[in-house]
Amino acid sequence: MTDKKSAPDMTGAEMFDRGMAIRRQVLGDAYVDKALAKSGPFNEPLQELVTTYCWGWNWGREGLPLRDRSLINLAMIAILNRSHELKIHIRGALNNGLSREEIREVLLQVGIYGGIPAAVDSFRLANEAFAEIDAEGAEA
């Protein structure tokens, strides 16, 4: 059973391709290329799973724009204390049109509903991500 907000019927390969396109749009080619290059045979099934279902099926659904999905991801990942994923999704949130001020507001909300330690770590990681992005911009 499908609804109008679901991902269109696709083969696994088509969903993988759609997922790769969305993944690159959100995270950037450099990050995706680096992740795939260091994947190796052991991690290849994980990369296929993430690209096909996380990016292709879930992020590819029409029910929410990418910007809103980024807002949700930032809050969940911050509360789960997944530092590496938070930093890359901060980059993705900026790519999806969120401002630094909006990211700050998400992290403040995390502090109230998820705990101050999660917010403190998330602010530290956001500042690291912003510094990396600013340095990349200065080099370009």
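Because the structure is predicted, anything quoted here is derived from the model rather than measured. Just so you know, the residues in each chain are numbered from 1, in the order the chain's sequence is written. With the structure being a predicted model, the display of local features is reserved for residues of pLDDT at least 70 and the display and counting of side-chain atom pairs for 80 or more, all residues being used for whole-chain, interface and lining totals. Side-chain numbers here rest on the full set of heavy atoms in the structure, without hydrogens or water.

Some details on helix α4 (residues 66-80)
Under the 1.5 Å per step criterion, the end-to-end length of α4 is 21 Å for 15 residues, consistent within 8% with the ideal 21 Å. Restricting attention to buried positions, one finds in α4 the residues Leu-66, Arg-69, Ser-70, Asn-73, Leu-74, Ile-77 and Ala-78. Projected onto a plane normal to the axis of α4, the buried residues spread over an arc of 155 degrees and lie on a single side. Whether two residues are in contact is decided by their heavy atoms: any pair within 4.5 Å suffices. The way it works is that DSSP assigns letters per residue, a run of H or I at least four long becomes a helix, a run of E at least two long becomes a strand, and they are numbered from the N terminus. Where α4 is buried, its residues touch α1 (12-27), α3 (40-58), α5 (83-95), α6 (100-114) and α7 (116-139). Downstream of α4 by a residue or two, Asn-81 has a phi angle that is positive, lying close to 55 degrees. What a helix should span is 1.5 Å times the count of its residues minus one. Here's how the labels work: a residue is buried when its accessible area is under 20% of the maximum for its type, exposed when over 50%, partly exposed in between, all with a 1.4 Å probe on protein chains only. The arc in question is the one traced by the directions running from the helix axis out to the C-beta atoms.

Observations regarding α6
Helix length check: α6, at 15 residues, gives a terminal C-alpha distance of 20 Å against a target of 21 Å (1.5 Å per residue), a fit within 8%. Considered for burial, the residues of α6 that qualify are Ile-103, Val-106, Leu-107, Val-110 and Gly-111. Axial view of α6: buried residues confined to an arc of 150 degrees, hence all on one face. Summarising the geometry of α6, the exposed residues directed more than 90 degrees from the buried face are Gln-109, Ile-112 and Tyr-113. Phi for Gly-115, located one or two positions after α6, is positive at around 115 degrees.

These results come straight from atomic positions and should not be treated as a statement about function.
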